[in-house]
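Architecture and fold: a report
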Amino acid sequence: MGRAFQNRKESMAKTAAAKTKVYSKYGREIYVCAKSGGVDPNANLTLRSLLDRAKKDQVPGHVIDRALEKASGVGGEDYSLARYEGFGPGNAMVIVECLTDNPNRTFGDVRACFTKTKSKIGTPGSVSHMFDHLAILAYTGEDEEAALEALMEADVDVTDIENENGLITVFAPPTDYAKARQALRESLGAEEFEIDEIQFLPQATTPVEGDDLAMFEKLLDMLNDLDDVQNVYHSAELP
């Protein structure tokens, strides 16, 4: 697998406005996860891992509590997953994941980002077949054999496992995410994960340079500024 998962640009919250946007995205994701799988983290393992990530990213407790309260009530927003694909500057492939209560509005907003950066939005499946959809869990450790044994005992279909400079990274199907996370925590005491998420990893990367680089970064910034956008994955190899 290599370390391709690091190719995704991480937008760190450095301003109050940026932090508010990050908190809003977490709140929406927590709401949807709790609404579909229940508000009890002990019964909803996906929610438990999401809450752990939110706390690690210093999402305020009131944001988390409000999302859980909304999810436990009757009615509320009706969010659905929307995924858009296309080609950005330099012909790098891009996948945009959204949670939206208005798919027509969201598609129009995402399409505008592509259009304004001389990019091309495609049809469903146009680029996703060139990505692997995987759960990724990375933690500090040395014994990948013990990790593999624990995962196999938990009936996790491990795709790959790496040990690089004391960091063990496990790759598994998204459907095994909660099971893999629980196995690593209970069997190996892996409480702190350096990487703990489900991603689309490109099977090959595309170098993006020169004028294309500035335009590609503009595309990422514009997409990340949209309230409905949760994640952006791409195949660009950025300097």
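Okay, so let's go over this structure. (Residues numbered from 1 in each chain as written. Predicted model: local features only at pLDDT ≥ 70, side-chain atom pairs only at ≥ 80, totals over all residues. Heavy atoms only, no water.)

Let's shift gears to the sheet that holds strand 6 (residues 167–172). Read from one edge of the open sheet, 4 strands run 5-6-4-7, paired in antiparallel fashion. Unpaired on one side and paired on the other, strand 5 (160–164) and strand 7 (195–202) mark the two borders of the sheet. Neighbour-to-neighbour, the strand axes of this sheet turn through a mean angle of 25 degrees, independent of strand direction. Of the strands in this sheet, strand 4 (131–140), strand 5 and strand 6 touch helix 5 (residues 144–153), which is tilted by about 155 degrees from strand 5. (Pairing = 2+ DSSP bridges. Helix = DSSP H or I, 4+ residues; strand = E, 2+ residues; numbered from the N terminus. Axes fitted to C-alpha atoms, helices over the stretch in contact; angles between N-to-C directions. Contact = heavy atoms within 4.5 Å.)

Turning our attention to the pattern of salt bridges. What the rule picks out here adds up to 9 salt bridges. Of the charged contacts in the structure, one is a salt bridge between Asp196 and Arg181, with a shortest N-O distance of 2.8 Å. Of the two residues, Asp196 is situated in strand 7 and Arg181 in helix 6 (residues 177–188); the sequence distance between them amounts to 15 residues. (Salt bridge = Lys/Arg side-chain N within 4 Å of Asp/Glu carboxyl O.)

Given 3.6 residues per turn, any residue in an α-helix points the same way as the ones three and four places further on. Here helix 6 contains 12 residues, and its C-alpha end-to-end distance of 16 Å stays within 8% of the 16 Å for a straight helix at 1.5 Å per residue. Turning to helix 6, its buried residues number three or more, namely Tyr177, Ala178, Ala180, Arg181, Ala183 and Leu184. Contact partners of the buried residues in helix 6: helix 2 (45–56), strand 4, helix 5, strand 6 and strand 7. Count one or two residues on from helix 6 and you reach Gly189, which has phi positive near 70 degrees. (Expected span 1.5 Å × (residues − 1). Buried < 20%, exposed > 50% of the residue type's maximum accessible area, 1.4 Å probe, protein only.)

Contact pair helix 4 (residues 103–116) / helix 7 (residues 210–224): the axes reach a minimum separation of 9 Å and the direction vectors enclose 165 degrees. When the axis of helix 4 is compared with that of helix 7, the two are roughly antiparallel. Handedness of the helix 4/helix 7 crossing: right-handed. From helix 4, Val110, Cys113, Phe114 and Lys116 reach across to helix 7, where they touch Met215, Lys218, Leu219, Met222 and Leu223. The residue inventory of the contact of helix 4 with helix 7, partitioned by class, reads 7 nonpolar, no polar and 2 charged. (Parallel < 35°, antiparallel > 145°, perpendicular 65-115°, else oblique. Left-handed = near helix turned anticlockwise from the far one by under 90°. Nonpolar A, V, L, I, M, F, W, Y, C, P; charged D, E, K, R; others polar.)

Shape descriptors only; they carry no functional weight alone.
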